[in-house]
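Chain by chain, the residues run as shown.
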Amino acid sequence: MNSTVNIRLPNAPTNIKFQLANSAQVNATDISNLAKQVLKGSKSAETLGQAHRIFAATESSISNSLLTLQKHSALVSHLGYQQEAIEESVKKTEDVCEQLNTIRLQSSLK
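Residues numbered from 1 in each chain as written. Predicted model: local features only at pLDDT ≥ 70, side-chain atom pairs only at ≥ 80, totals over all residues. Heavy atoms only, no water.

- Under an unreviewed UniProt entry, the protein chain has the name BLOC-1-related complex subunit 7 and belongs to Clavelina lepadiformis.
- The Subcellular location (unreviewed entry) field of the UniProt record for the protein chain holds the comment "Lysosome membrane".
- The annotation that UniProt attaches to the protein chain under Sequence similarities (unreviewed entry) is "Belongs to the BORCS7 family." (UniProt positions renumbered as here; feature names shortened; annotations may be inferred.)

As structure tokens, then:
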């Protein structure tokens, strides 16, 4: 039995070294994977924050666009009223011109 023990004793430290090296490699790989996941989580949070800021800015832009649209709608209504008033004034001006021409003709005949 001693001979078997003597044969294994020199190999035992080598096996332990391989196991330790293998375990260290697995741990390093696990730590690397963990670091990647943490970075990925950080980037996800950063991306989510950017999306939130963009959404808030877009919401503000939409609100401003709605207000501008309402103002333009009011302007269109007012311009419509002004156009009607101008058309009516042009018609009245034409009527007045016709009356003036009639008066001139009557004056020149006398």
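### Regarding the overall build of the protein chain
Here comes step 1: In terms of regular secondary structure, the protein chain is built from one helix and zero strands.
Here comes step 2: Looking at the 110 residues of the protein chain, the share that counts as buried comes to 0%.
Here comes step 3: Here the protein chain displays about 10200 Å² of accessible surface, and carbon together with sulfur accounts for 62% of that area. (Helix = DSSP H or I, 4+ residues; strand = E, 2+ residues; numbered from the N terminus. Buried < 20%, exposed > 50% of the residue type's maximum accessible area, 1.4 Å probe, protein only. Areas by Shrake-Rupley, 256 points an atom, 1.4 Å probe, with all protein chains shown as cover.)

### Examining the pattern of salt bridges
Here comes step 1: This model, assessed by the stated rule, comprises one salt bridge.
Here comes step 2: The salt bridge involving E88 is made with K92; its shortest N-O contact spans 3.3 Å. Linking E88 with K92, this pair stays in helix α1 (residues 2-109), spanning four residues, or about one helical turn.
Here comes step 3: E88 sits in the partly exposed class, given a relative accessible area of 45%.
Here comes step 4: A relative accessible area of 51% means that K92 is categorised as exposed. (Salt bridge = Lys/Arg side-chain N within 4 Å of Asp/Glu carboxyl O.)

### Focus on a nonpolar patch on the surface
Here comes step 1: A contiguous nonpolar surface patch, about 260 Å² in accessible area, is contributed by V96, L100 and I103.
Here comes step 2: Relative to the helices and strands, V96 is located in helix α1.
Here comes step 3: On the basis of relative accessibility, which here comes to 43%, the residue V96 falls in the partly exposed class. (Patch = residues over 30% accessible without salt bridge, like charges linked within 9 Å, V, L, I, M, F, W, Y side chains within 5 Å.)

### As for the confidence of the model for the protein chain
When pLDDT drops low, the exact placement of atoms in the prediction is not to be read closely.
Here comes step 1: For the protein chain, the average pLDDT comes to 84, and 87% of its residues sit at 70 or higher.
Here comes step 2: Ignoring residues within four places in sequence, the model shows residues 1-9, a span with pLDDT below 50, making zero contacts including any to other chains. (pLDDT = per-residue confidence, 0-100. Contact = heavy atoms within 4.5 Å.)

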